[in-house]
Amino acid sequence: MTSLVKTAAGWGVTAAAGTGLLPPGTTLGSLLALPAAELTARVAAVELGSAPPGEPLAPVDDDTEVWAAGVTYEVSREARMEESGDAAIYARVYDAERPELFFKSVGRRVRGPGEAIGVRDDSTWDVPEPELAVVANAVGEIVGYTVVNDVSSRSIEGENPLYLPQAKMYRGSCAAGPSIVLAAAVPDPYVLGISVRIDRGGAPLWSGETTTARLHRKLPDLVAALYQGDLYPRGVLLATGTSAVPGPDVTLQDGDEVTITIDGVGTLRNPVRRGLFP
């Protein structure tokens, strides 16, 4: 499995043969500006050795855009309909030709492995959302995959669908990592198991599982819909939705820990903090 990883030393490559650093000055944006074949060639040219890669950071640049798709699983449609005062909106978007797409975060706000994710002080029901994210280059080719936690306030979104930005975009609401697995290492992205677990006080509180086989939409179609309306010269991360979310009897609290694993992509683990934090 070949992956792009970001550490304090810069952007590097990890593979079965070892690890290595990309040339100084390399950024995710500079890589995603390339056609997929050229990006693959750049990665293949890196000399791999046995040096440890260092602790992974969020696999984004400060200016990387992270977008997300909503209501892409049947379970998500049903849950949003149940919690909302306007359930018909979610039923319509699930079957519509145009998917729900929304801006989630800019790279400088994305939390990496081990960094704290957040919940809002003015929210009463807060959940992790484990999602497969596609990494697309400047021309909309899917060149890789990573894990995203689309942390969300269910109480705020459920009160009014127009509150979606406040429910989805706030400090600590997005985490990604631990790396970007190149697309060639994931031959079939529609058979990936996804698991999520919340630990509280060192003990399991809640866990859930799903699979990308339940996705209602195709990944290239989601990317095409996003790129239809704008240009992304430095590429983009697009989280593709979830169907493993706790019910109203479970809400994230300060000190919890969330662990998300996607088969063949990686494990992302983050502690939880309430309110604003550095």
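To start, this report covers the structure provided alongside it. Just so it is clear, the model here is predicted, and its values are computed rather than measured. (Residues numbered from 1 in each chain as written. Predicted model: local features only at pLDDT ≥ 70, side-chain atom pairs only at ≥ 80, totals over all residues. Heavy atoms only, no water.)

### Things to note about the pattern of salt bridges
As a working rule, side chains carrying opposite charge can pair if their charged atoms are close by. Evaluation of the coordinates by the stated rule reveals 12 salt bridges. Among the salt bridges present, the one from E157 reaches R154, with a minimum N-O distance of 2.6 Å. Within this pair, E157 and its partner R154 are both found in helix α5 (residues 154–159), separated by three residues, close to a single helical turn. Here the residues in one salt-bridge network are K104, E129, D150, R154, E157 and K168, joined through shared partners. (Salt bridge = Lys/Arg side-chain N within 4 Å of Asp/Glu carboxyl O. Helix = DSSP H or I, 4+ residues; strand = E, 2+ residues; numbered from the N terminus.)

### Here's the deal with unusual backbone geometry
Note the cis peptide between G177 and P178, where omega equals 5°. Tracing the chain through its elements places P178 in strand β11 (residues 174–182). One non-glycine residue, V71, lies in positive phi territory at about 55°. The topology assignment puts V71 in the loop between β4 (65–70) and α3 (74–83).

### A look at the environment of V139
Assignment of secondary structure puts V139 in the loop between β8 (130–136) and β9 (142–150). Taking C-alpha positions, V139 is 8.8 Å from L32, a pair spaced 107 residues apart along the chain.

### Some details on the packing of aromatic side chains
Enumeration according to the criterion identifies three aromatic pairs in this entry. Between Y227 and Y232, the aromatic rings sit 4.8 Å apart at their centres with planes inclined by 50°, giving tilted as the arrangement. Put simply, the rings of W67, F103, Y227 and Y232 touch in pairs and so form one group of aromatic residues. Over the ring of F277 we find R171, and its NZ or CZ is 5.8 Å from the ring centre. The side chain of K218 reaches across the aromatic face of Y190, ending 4.4 Å from its centre. (Phe/Tyr/Trp six-rings, centres within 6.5 Å; stacked < 30°, edge-to-face > 60°. Lys NZ or Arg CZ within 6 Å of the ring centre and 35° of its normal.)

### Looking at the sheet that holds β8
Pairing between the strands of a sheet is mediated by backbone hydrogen bonds and can be parallel or antiparallel. What the nine strands build is an open sheet, ordered β3-β2-β1-β11-β9-β8-β14-β4-β5; its pairing is mixed. The open sheet has two edge strands with one neighbour each: β3 (18–21) and β5 (100–106). The average undirected angle you get between the axes of adjacent strands in this sheet is 30°. Where β8 lies against β9, seven bridges are found, and the strand directions are antiparallel. Looking at the pairing, A133 lines up with T146 of β9. (Pairing = 2+ DSSP bridges. Axes fitted to C-alpha atoms, helices over the stretch in contact; angles between N-to-C directions.)

Any functional reading would require information beyond the geometric quantities listed.
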